[in-house]
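Read off the chains here:
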Amino acid sequence: MIQTYGSKPTRDGFGEGLVELGQKRDDIVVLSADLTESTRAAWFKEKFPERFFSMGVSEQDMMSTAAGLALSGKVAFACTFGAFAAGRAWDQVRVSIAYMKTDVKIVGTHGGISVGEDGPTHQANEEIALMRILPNMTVIVPCDALEAKKATIASASYEGPVYLRLGRSGVPLITKEEGAFKIGKANLLKDGKDITIIACGVEVYEALCAAETLKKENISARIINLHTIKPIDKDIIIKAAKETGAIVTAEEHTIIGGMGSAVSEVLAQTWPVPMEFIGVQDRFGESGDPKELFKLFGLTSDDIVKAVKKAISRKR
Amino acid sequence: MAKQPDINELKRIAKDVRIAIVRMLAAAGSGHTGGSLSMVELLVGLYFYKFRCEPDKPLCNTRDIFVLSKGHGCPALYAVLAQMGFFSPEELSTLRKIGTRLQGHPQRGLPGVETSSGSLGQGLSIANGFALGARLNKDPKRAYCLMGDGELDEGQVWEAALTSAHYKLDSVCGIIDYNKFQIDGRIADVKGLEPLKAKWQAFGWEVFEIDGHDIKEVTEAYDKAEKVKGKPSMILAHTVKGKGVSFFENKNKYHGVAPNKEELERAIKELELQ
């Protein structure tokens, strides 16, 4: 059995981290594009109203304003849904934040299809790709609320642009308070020798569940929580490819350009092994209950199990 | 006693800046001639009169911030910064060449250049952010942002206009280089902006409409803008694209074309007579 400690959305962990940061540091400022409650920026606003800036439904203006605040010596957290942070405001993120290397932390909540009922326009399945292709950008996808809190706090001390990808719905708490979190350093959650499942975000829990099922079939799966997509932890990926000979990646994001693609870019140039990609196929999301959507889109632990078997069968 | 501008000296500087602009553009073989020449007095009146900075200490704590939102006008900014002493005028000849700090559009890091730009419409938001930060820091810095007229087609400018007014950012001073042309042609034909003064007023701004080539009017506008309280100021400066060289003036062909060798010689001759 996988040990969990209840369930909580990663956005809640972000909100907690933000409040803690606000208490410790007076250079932290927060901006929100009319999604203050949804992104949990409201928790900061309540405690530090003078350091909170309401930007209205103007994501583009928010990103460049955050860059200006950073130029005045602040660490600025700009909060909206991932779909709008990376979609509507991508050019502002590119020029005002990434190119200028301003100390802005872009917070995209409501990542992936787990947004559920609001449907495709609000389900960001593309932002990991859109953000990681930008020079100077760091991309973090925490797997649970506690990791999201740690990532939030770590981002504030990490110089330069960061994209934090968070979710709307509750996800099981699987990491521990004493567990390490270092930007750019992936965490090995479980050792194994037949296959490595590299996951990020909510798919880390699905990967752990898949490993339990595989164990019953005598397949030993290594599980890596690749919370930082960029800069990517090449060493742990190459080591896994060498030692287990096949890789399955799992992410709540399109398989084109996302975390799986980033892993394959590393391996194609170093130690190519059979790979399978769990993620959203080349399509938009749709409305529905998140659990049902995960089945429909092939993101469950059962789907990971199937992919593992396929990858192992392709070993030479 | 308020500082008085030396109008004749500023006029002389503007002439030198124009000569430096056409020289650097000709040396680069590409770049934006028309929109660089139209903004010269706006920059000279700011940097050599109103703007607080220390060229030998570009990041000093007491500096104002200038955001060139119309990034393609950077030859004018580079020429002014070199004249101010932020870097050597010799570096101007490296414009647009490989390895240069003088990129085709401004890049943060060149002394005196705090913001990268080129993709239009982002500067006013950056100036607002800087002003909000300065307010938190209880710092009297002012944030200036120079925009093009064609740039006002960008929706983000109007998002930012709402933000400046909402936060009553009286330390923000916008400047519009209203030269009446954009790449595709006359503003009025491509996408009309009028009534432009009324638009900014309706957005909650104090607007000063001036002749952007009259250095006295320019310096007075900066003085007046500084005294506005409780709302942002906009200097709506009527200008001439390609100003100072007869065969560039109002010739939109020179929006993104540099003078050739022959044109350069003629341009310098004309400018030296002014």
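In this text, all values refer to a predicted model and were calculated from it rather than measured experimentally.

**Examining the overall build of chain A**
Part 1: Looking only at helices and strands, chain A features 12 helices and 14 strands.
Part 2: At 19 Å, chain A has a C-alpha radius of gyration in line with the 20 Å of a compact globule built from 316 residues.
Part 3: Projecting the C-alpha coordinates of chain A onto the three principal axes gives extents of approximately 60 × 40 × 40 Å.
Part 4: For chain A, with 316 residues in total, the buried portion stands at 60%.
Part 5: Here the contacts in chain A between residues at least 6 apart in sequence split such that 80% fall between residues at least 24 apart.

**Some details on the confidence of the model for chain B**
Part 1: Mean pLDDT over chain B: 97, with 99% of residues reaching 70 or higher.
Part 2: Scored as a complex, the prediction yields pTM 0.97 and ipTM 0.97.

**Some thoughts on the nonpolar core**
Generally speaking, a soluble globular protein has its nonpolar side chains buried in company with each other.
Part 1: Core analysis: the biggest nonpolar cluster contains 186 residues, and A78, I197 and V308 of chain A together with V44 of chain B have the highest contact counts within it.
Part 2: Of the residues forming this core, the biggest block, 10 residues, is contributed by helix α1 (residues 7-28) of chain B.
Part 3: If sequence neighbours within four positions are ignored, V44 of chain B has contacts with L10, I13, A14, V17, V80 and I215 of chain B.

**Overview of the interface of chain A and chain B**
Part 1: Counting from both sides, the interface comprises 23 residues of chain A and, opposite them, 22 residues of chain B.
Part 2: Listing elements by their share of the side of chain A that touches chain B, those giving two or more residues are α3 (59-71) and α5 (90-99) of chain A.
Part 3: By residue number, the principal contributor to the side of chain A that touches chain B is α3 of chain A, which donates nine residues.
Part 4: The residue inventory of the side of chain A that touches chain B, partitioned by class, reads nine nonpolar, 10 polar and four charged.

**Quick word on the environment of G118 of chain B**
All names here are of chain B.
Part 1: Looking at the secondary structure, you find G118 in the loop between α4 (74-84) and α5 (123-136).
Part 2: Considering only alpha carbons, one finds G118 and S69, 49 residues apart in sequence, at a separation of 7.2 Å.
Part 3: Non-local contacts of G118, meaning those with residues more than four positions away in its chain, are made with G71, H72 and H105.

**Topic: the sheet that holds strand β14 (residues 275-280) of chain A**
All names here are of chain A.
Part 1: If you trace the five strands from one edge of the open sheet to the other, you get β9-β11-β10-β13-β14, paired in mixed fashion. One side of each edge strand has no neighbouring strand; the edge strands of this open sheet are β9 (187-190) and β14. Taking the axes of each pair of neighbouring strands and ignoring which way they run, one obtains an average angle of 25° across the sheet.
Part 2: In this structure, strand β10 (residues 195-199) lies alongside strand β11 (residues 221-225), joined through five bridges in parallel fashion. By the bridge assignment for β11, I197 is matched with I223.
Part 3: Packing of helix α8 (residues 203-216) onto the sheet brings it into contact with β9, β10, β11, β13 (247-254) and β14, and relative to β11 it is tilted by some 170°.

**Let's talk about unusual backbone geometry**
Part 1: Here the residue pair K230 of chain A and P231 of chain A is connected by a cis peptide bond, since its omega of -5° sits within 30 degrees of zero.
Part 2: Positionally, P231 of chain A belongs in the loop between β12 (228-230) and α9 (234-244).
Part 3: The omega angle of the peptide bond from E194 of chain B to P195 of chain B is -5°, so this bond is cis rather than trans.
Part 4: Relative to the helices and strands, P195 of chain B is located in the loop between α7 (187-190) and α8 (196-202).
Part 5: If you check the backbone angles, R96 of chain B has positive phi at about 70° while not being a glycine.
Part 6: If you trace the backbone, R96 of chain B turns up in the loop between α4 and α5.
Part 7: Of the residues examined, R96 of chain B has 19 C-beta atoms within 10 Å and is grouped as partly exposed.

**Some thoughts on the pairing of strand β1 (residues 65-68) of chain B**
Residues and elements named next belong to chain B.
Part 1: Every second residue of β1 is oriented toward a common face, with I65 and V67 on one face and F66 and L68 on the other, all of them buried.
Part 2: Sheet topology note: the β1/strand β2 (residues 143-148) ladder contains four bridges and is parallel. Paired with V67 across the two strands is C145, which belongs to β2.

Conventions we followed
Residues numbered from 1 in each chain as written. Chains lettered and ligands numbered in written order. Predicted model: local features only at pLDDT ≥ 70, side-chain atom pairs only at ≥ 80, totals over all residues. Helix = DSSP H or I, 4+ residues; strand = E, 2+ residues; numbered from the N terminus. Rg over C-alpha atoms; globule rule 2.2 N^0.38 Å. Buried ≥ 20, exposed ≤ 12 C-beta atoms within 10 Å, placed from the backbone. Contact = placed C-beta atoms within 7 Å. pLDDT = per-residue confidence, 0-100. Core = buried A, V, L, I, M, F, W, Y, C linked by C-beta atoms within 7 Å. Nonpolar A, V, L, I, M, F, W, Y, C, P; charged D, E, K, R; others polar. Pairing = 2+ DSSP bridges. Axes fitted to C-alpha atoms, helices over the stretch in contact; angles between N-to-C directions.

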